[in-house]
Amino acid sequence: MLDPRTLTVIVTGATSGIGAATVRRFAGAGARVVAVGRRADRLEGLKAEFGDLVHTLELDVRDEAATFTAFSSLPAPFDAYNVVFANAGLARGLEPAYEASLDDWKTMVDTNVNGVLYTVRATLPAMVARREGHVVFTGSVAGTYAYPGGNVYGASKAFVKLFAMNVYADVAGKGVRVTNIEPGLTETEFSSVRFAGDAGRAEKVYADMAPMTGEDIAEQVFFACTLPRHVNINSIESMAAQQTFAPLAVKRD
Ligand code: NDP
Ligand code: 8X3
């Protein structure tokens with residue numbers, strides 16, 4: 001296993017849920033972490049918890065120029081990152097495609113597709129040049145299995161899944177690994193964001209079952225990143241044990 005103290009990990013979407021748990025998993029094991037998000041107060045909280053192990057970056061990953069500037073001007077020793085966790089993302093709405101908000105669709109594409117592209121394109125060259133790196137994506141089961149109302153969210157995660165595979169095709173043999181983490185139901189702020197702050201509706205998503213937690217997913221990221229460098233975990237698909245595949249629906253007359 002790799003010593004986590006040899007890792008410097010960029011985590012986007014670090015202010016909540018899966019990203020925050022991943023910051024804590026890695027920094028708790030002695031890795032350096034660059035914690036990225038828009039909410040400065042949350043970033044400050046992580047800095048207060050871990051001190052010099054954490055560098056914070058207030059950044060909207062939808063901003064192409066800001067993303068390239070931020071990642072190219074990291075201070076030492078954080079500029080020697082060897083893991084990039086492109087995790088920032090969101091769902092907006094659960095309406096069918098013929099009723100969904102076009103603005104919601106654009107927000108998801110801007111964040112889950114373009115934000116991921118900017119993050120990876122801004123950081124990958126340095127890891128290839130150093131011949132040491134690991135790009136970890138947060139995909140989703142929604143990127144493989146369709147469900148009613150998943151429309152653009154699912155499509156954005158299908159993009160992530162194929163982008164991860166294609167990036168790996170380019171970097172394999174260059175010392176850079178690529179992993180797509182594909183979780184199912186995980187209790188975070190995800191549903192509250194999806195339903196525009198409607199806490200009651202968000203709570204119902206996780207009612208009467210045991211969802212996965214951010215910590216469950218962080219453990220998967222940690223596992224993939226600390227395996228010896230000759231091992232590449234292509235993807236990890238996981239679900240809450242009370243979740244399953246939607247039945248293949250038949251819409252009868
Ligand atoms: P949360 O809402 O708890 O966390 C989302 C994170 O993304 C926050 O830290 C948020 O930070 C950040 N973020 C969102 N938009 C931007 C932006 N434009 N720029 C920078 N940061 C941004 O949800 P999760 O932890 O669940 O979500 C993390 C990832 O996991 C997402 O990609 C999501 O699609 C995916 N996922 C979630 C599942 C679930 O069931 N929860 C299952 C499968 C995948 P801030 O607002 O401070 O910028
Ligand atoms: C989030 C998982 O099933 O809510 O990516 O779409 S799901």
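In the block above lies the structure referred to throughout.
Residues numbered from 1 in each chain as written. Chains lettered and ligands numbered in written order. Predicted model: local features only at pLDDT ≥ 70, side-chain atom pairs only at ≥ 80, totals over all residues. Heavy atoms only, no water.

The next thing to look at is the overall build of the protein. Counting secondary structure elements, the protein contains eight helices and nine strands. By the compact-globule yardstick of 18 Å for 253 residues, the protein fits well, its C-alpha radius of gyration being 18 Å. With the C-alpha coordinates of the protein rotated into their principal frame, the extents come out at 60 × 40 × 35 Å. Counting the 253 residues in the protein, one finds 47% classified as buried. (Helix = DSSP H or I, 4+ residues; strand = E, 2+ residues; numbered from the N terminus. Rg over C-alpha atoms; globule rule 2.2 N^0.38 Å. Buried < 20%, exposed > 50% of the residue type's maximum accessible area, 1.4 Å probe, protein only.)

The environment of ligand 2 is made up of Ser140, Val141, Ala142, Tyr147, Tyr153 and Phe190. In this structure, an oxygen atom belonging to ligand 2 sits 2.5 Å away from a side-chain N or O atom of tyrosine 153. Surface burial for ligand 2 is 86%, taken as the share of its 240 Å² of free accessible area covered by protein chains. For the shell around ligand 2, the residue count by class is five nonpolar, one polar and no charged. (Near = heavy atom within 4 Å. Polar contact = N/O pair within 3.5 Å; in protein donor to acceptor, adjacent residues only side chain to side chain. Areas by Shrake-Rupley, 256 points an atom, 1.4 Å probe, with all protein chains shown as cover. Nonpolar A, V, L, I, M, F, W, Y, C, P; charged D, E, K, R; others polar.)

All right, on to the nonpolar core then. By size, the foremost hydrophobic cluster in this structure holds 31 residues, and its most contacted members are Leu7, Val23 and Phe26. Contributing elements (two or more residues each) for this core: strand 1 (8-12), helix 1 (17-28), strand 2 (32-37), helix 2 (40-50), strand 4 (83-86) and helix 8 (214-226). Considering every element that reaches this core, the biggest residue donor is helix 8, with five residues. (Core = buried A, V, L, I, M, F, W, Y, C linked by side-chain atoms within 4.5 Å.)

Ordered by their spatial adjacency, seven strands build an open sheet running 3-2-1-4-5-6-9, and the pairing between neighbours is parallel. In this open sheet, the two edge strands, each paired with only one partner strand, are strand 3 (54-58) and strand 9 (235-238). Each strand of the sheet is rotated relative to its neighbour by a mean of 15 degrees, with strand direction disregarded. Pairing analysis gives three bridges linking strand 1 to strand 4, with the strands arranged parallel. The residue of strand 4 that forms the bridge with valine 11 is phenylalanine 85. Helix 8 rests against strand 4, strand 5 (133-138), strand 6 (176-183) and strand 9 of the sheet, and its axis sits at about 160 degrees to strand 6. (Pairing = 2+ DSSP bridges. Axes fitted to C-alpha atoms, helices over the stretch in contact; angles between N-to-C directions. Contact = heavy atoms within 4.5 Å.)

We now examine the site of ligand 1. In the vicinity of ligand 1 lie 30 residues, with Thr15, Ser16, Arg38, Tyr153 and Thr188 positioned nearest. With the chains in place, 96% of the 880 Å² that ligand 1 exposes on its own is no longer accessible. Mapped onto the shell around ligand 1, the elements with two or more residues apiece are helix 1, helix 5 (151-171) and helix 6 (190-194).

So far we have only geometry, and geometry alone does not tell us how the molecule works.
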